Amino acid sequence: MQETGSNLGIYVHIPFCESKCRYCDFYSITDKGLISNYLSALQTEIDLMARPDLKSDTLYIGGGTPSLLHYKQIGQIVDQITMAFNLDVTTEMTLEVNPGTSTVRDLQDYAAFGFNRINIGIQSFNDDYLGFLGRQHNAKQSIVAIEAAVSAGFNNIGLDLIYGLPNQSQKDWKQDLLTAIKLAPKHLSCYMLTYEPHTPLGIDHEAGRVVPLSDIRIADMFRMTHDILGTAGYEHYEISNFSRGSRWRSRHNQKYWNLSPYVGLGPSAHSCSLPRRWWNHRDLSSYMDALKSGHLPICEDEHLNQEQQLIEGLYLGLRQTDGIDLKSFQERYQIDFQLYFSRALDQYFAENWMSIDEKNCRLTVEGMLFLDRIIDELVELID
Amino acid sequence: MKEIRNFSIIAHIDHGKSTLSDRMIQATDIVSDRNFQDQILDNMDIERERGITIKSQTVCLPYKANNGKQYHLNLIDTPGHVDFTYEVSRALASCEGALLLIDASQGVEAQTLANLFLALEHDLEIIPVINKIDLPSADIERVKKQIEDDLGLDSKSAILASAKEGIGIAEVMEAVIEKLPPPQADPDAPLKALIFDSHYDPFRGTIVHFRVIDGRIKAGDQIRFMSNNATYKVEEVGLFQIVRNPSKEITAGQVGYLIAGIKTVSDTRCGDTITLDAKPCSVPMSGFKEAKPVVFASIYPIAADDYSELTVALEKLKLNDASLIYEKDTSVALGFGFRCGFLGLLHLEVVQERLEREFDQSIILTVPSVQYKIILNDGSEHIVDNPALYPDPTTIEQSLEPFIKASIIVPDKYMGAVMKLCLERRGINKNYQYLTSSRIEMIFEIPLSEVIYDFYDKLKTVTQGYGSFDYEIIDYRISKLVKLDILINGERVDALSQLVHEDRAQQRGRIACERLKDEIPRQMFKIAIQGAVGGKIISRSTVNPFRKDVTAKCYGGDISRKRKLLEKQKKGKKRMKMVGKVMLPQSAFLAVLKTDSES
């Protein structure tokens, strides 16, 4: 586990999209008429949540499709956040954009607002797969978007890709990876396609209308991703995340995995300040109703006990190639990791799924493929 | 005593018995309409859900008749399913009469006949009631003809009713007064009372339901149970008026309850006679029918630690269910448990559900079996109902299995479908006769083992719900019996073994392997499932190992969700059994129970 840091991360959820992608289960709606009401609710939430006393070193505006907002509206959000929280020039400020939604002018404006990182939802460089996923752009627009971000002066660009689509071949995926490498982003997120319940794709899968790619193939693609990106100089630092060296990791996303505090603003956004986790109403009207009457739009509020915190520590720690920091694990949970879980660990070492040294215990690439199963077994050993 | 009437309502399932009971209760105002819950006597969840009565309930109705006199009507509700004939017979033994309820559109069914015969065995006066006359499909004339022809009763005395619409209820109430005889009893003779039921109250202990034949009983009496000479001091006696209503004494002819600090199950035997310790009656009541279990299966707690809890639960359940029998059992795979005997498969399901719902037990049930007779080479005869006790096949001279005589009544257009079903189940068609121009009674002799799984469901399916079924065990016949074992990664799981007819082994084995494949969660290694008879593998399937098991995405919103899932899985694992390195969920054991269907 990395040094978690006590600095705050801030996430803002923009719940609007041009259309819903078939695989996506993030909360968003397509009625853009609600944007201005949403923005005033958000303003209220920012005011209620204001923490100028805490240093915030990341701001991530995601969604949804933040770039669907007018650039001035984005600027306005940044202004409000800057007033309510303690940001400075070193803060990592990320904006998520989708190809086809932002011009170079827009991107220049984002830079002027202080954004220093752009994350682009590419998903695939193959138009057939983009169609299957229900994306609103083609591969050409993706490349234009990346080039636009570069010419607007962004140095820290991240791309999202999805693999393991039905009938996708190793070759197809390799092609996507090579295209991405050529565009030289600092960061790559490569996700296996997940059939989330209640999404159109999930429903098709449930009904047998979509046959997923076999686990063997997907596992091979995972290994290939690690190898190809590794050769190209990308560090595999979390199950699905790669960066050109540690300094280009997503500082914001690491907060999730390192149990650092973060504030989530907007509908469905999650916040954490251990031992507490809480999250907002998912649905926009409940979110706005609560704020209209001056209340925080909190849907659920958890106080984690020691065991629950331990479960999270294991799961999140082992997602990262830095793994579990044995010393801080001992301090945090009063448990000698190696001793406590020895019944299971020996098998993982023997299978070469896990490695350990004086400082850290981490999963190998093979081990990462079985993370859920491993965690399941470790959790069972907790008394 | 002339103002007492003890009676039951007997009917085929779904002919409206519970609704008629409700209406009669309402007619006497002992429950206000506002507080009335439909099917008030069916007070178990499972009874309301399935629309069946399992546990008989008694209610004493104060009723002012048209003649101006005040009466006590003791309505003893009876179960309506083929498995519960014994419960019906216990209830009937404490009655003088019965209402025979017949659905106006369905007509006489197999259980109508069976229950009528039981009632006649107890010399009960019968009042036929034709129910659901409001239905468009009602055919009163046809039912009247069936009453005359099939039942040999006078159809002119039949009352036309619709319990649902409240039609004919007043006539039914008056007929009970006028046509059913009052009890014949001597209130001054020594106490003789018949236990026909009991249930357990967590605060008061065992509540004994009884009918006073002679004499009287009151709080403070020192009573004796004649089967074991156990004595108790009566704490309370009273009447059932939906709630228990204490009274000073219960006299000859009445039905009531008593509480006497009876804590253990074994001390209350249904069918036992209660008398006064100081002044006993000379002879106990003669004969209740012994409830004979016909289906046997083992019950194990999912977590071995819960064995003692399960023991207590079964003891308590037995209080309410005299027909349940059980003894200790052990399994290599499942540890300590109980071998239980049930009246039929529905009874088994009811016990299973009650253990889970009322007693919060997580249990595993093994494949049900009938009682086989095994004759060894040395000539000795053994009763075997547990695959674990099946002897070495080389020592077996001969195996015999129980056969039933099944009576199936259907509209004749389903004759072919029923014939096919019964022949598939190794049935032999013995006879058939037209009851009316379009309804037929078919008689089959079928091995009991072939009907204990899903025969009744199948019959309902192939006859679109019109087939009715009743059976009695007739004899034992020579059979070709084998033991089908299930091996998981080469290890025999004794709790999954079953005794089957040789001709069925292949099919059962195949279906069991397929079902298990779907139920056993994938693991890191390949899991081989095999069906075997003797040393020979007759079926197999494989659960493929995981090639990956990882959640790709984990951001702010995913963490709590994943943690909750992990916590849930941890709990779920307590509900799994380890066989070697393989985890078997409860559902795997259940899946094998249902291996009889072709799908």
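Residues numbered from 1 in each chain as written. Chains lettered and ligands numbered in written order. Predicted model: local features only at pLDDT ≥ 70, side-chain atom pairs only at ≥ 80, totals over all residues. Heavy atoms only, no water.

A. Here's a closer look at the confidence of the model for chain B. Residues and elements named next belong to chain B. Of all residues in chain B, 91% have pLDDT values of 70 or greater, and the mean over the chain is 85. Predicted confidence for residues 50–54 stays below pLDDT 50, and this span has 23 contacts to residues more than four positions away or in other chains. Among the prediction metrics, the complex's ipTM stands at 0.93, with pTM recorded as 0.65. (pLDDT = per-residue confidence, 0-100. Contact = heavy atoms within 4.5 Å.)

B. Broad picture of helix α1 (residues 35–49) of chain A. Residue and element names in this part refer to chain A. The terminal C-alpha atoms of α1 lie 21 Å apart, and with 15 residues this matches the ideal 21 Å at 1.5 Å per residue to within 8%. Within α1, burial applies to I35, Y38, L39, A41, L42, E45, I46 and M49. Looking down the long axis of α1, one finds its buried residues gathered within 165 degrees of arc, a one-sided arrangement. (Helix = DSSP H or I, 4+ residues; strand = E, 2+ residues; numbered from the N terminus. Expected span 1.5 Å × (residues − 1). Buried < 20%, exposed > 50% of the residue type's maximum accessible area, 1.4 Å probe, protein only. Arc of directions from axis to C-beta.)

C. Broad picture of the environment of H281 of chain A. Residues and elements named next belong to chain A. In this structure, H281 sits in the loop between β12 (276–280) and α10 (284–292). H281 sits 15 residues away from L296 along the chain, and the two C-alpha atoms are 9.7 Å apart. Setting aside residues up to four positions removed in sequence, H281 forms contacts with P267, S268, S286, Y287, P297, I298 and C299.

D. A look at the interface of chain B and chain A. Each partner contributes to the interface: chain B provides 26 residues, whereas chain A provides 45 residues. If you look at where chain B meets chain A, you find 9 salt bridges. Across the salt bridge formed by K564 of chain B and E300 of chain A, the nearest N and O atoms sit 3.0 Å from each other. At the boundary of chain B with chain A, the tally comes to 21 residue pairs in polar contact (both at pLDDT 80 or more). Looking at the side of chain B that touches chain A residue by residue, the classes come out as 8 nonpolar, 6 polar and 12 charged. (Salt bridge = Lys/Arg side-chain N within 4 Å of Asp/Glu carboxyl O. Polar contact = N/O pair within 3.5 Å; in protein donor to acceptor, adjacent residues only side chain to side chain. Nonpolar A, V, L, I, M, F, W, Y, C, P; charged D, E, K, R; others polar.)

E. Here's a closer look at the pattern of salt bridges. All names here are of chain B. Under the counting rule described, the total for this entry stands at 52 salt bridges over all chains. The closest approach of N and O atoms between D103 and K132, which form a salt bridge, is 3.2 Å. With a gap of 29 residues between them, D103 in strand β4 (residues 97–103) and K132 in the loop between β5 (125–131) and α5 (140–149) connect regions that are remote in the sequence. Look at K132 and you get partly exposed, because its relative accessible area is 22%. The residue R142 makes a salt bridge to D139 at a minimum N-O spacing of 3.6 Å. In this structure R142 comes out as partly exposed when scored by relative accessible area, which is 24%. Look at D139 and you get partly exposed, because its relative accessible area is 32%.

F. Structural detail: the packing of aromatic side chains. Summed over the entire model, instances satisfying the criterion amount to 23 aromatic pairs over all chains. Judged by centre distance (6.3 Å) and plane angle (35 degrees), the rings of Y38 of chain A and Y287 of chain A are tilted. Separated by 249 residues along the polypeptide, Y38 of chain A in helix α1 and Y287 of chain A in helix α10 bring together distant segments of the chain. For Y287 of chain A, a relative accessible area of 0% puts it in the buried group. An angle of 25 degrees between the planes, with centres 4.7 Å apart, marks the rings of Y163 of chain A and W173 of chain A as stacked. Taken together, the positions of Y163 of chain A in strand β6 (residues 156–163) and W173 of chain A in helix α6 (residues 170–182) put the pair 10 residues apart, joining distant regions of the chain. Given the relative accessible area of 2%, Y163 of chain A is considered buried. Under the relative-accessibility criterion, W173 of chain A is labelled buried at 0%. An aromatic cluster is present here, built from Y191, Y237, Y256, W257 and Y262 of chain A together with Y555 of chain B joined pairwise through their rings. Taking the ring centre of Y476 of chain B as reference, the NZ or CZ of K373 of chain B above it sits at 4.2 Å. (Phe/Tyr/Trp six-rings, centres within 6.5 Å; stacked < 30°, edge-to-face > 60°. Lys NZ or Arg CZ within 6 Å of the ring centre and 35° of its normal.)

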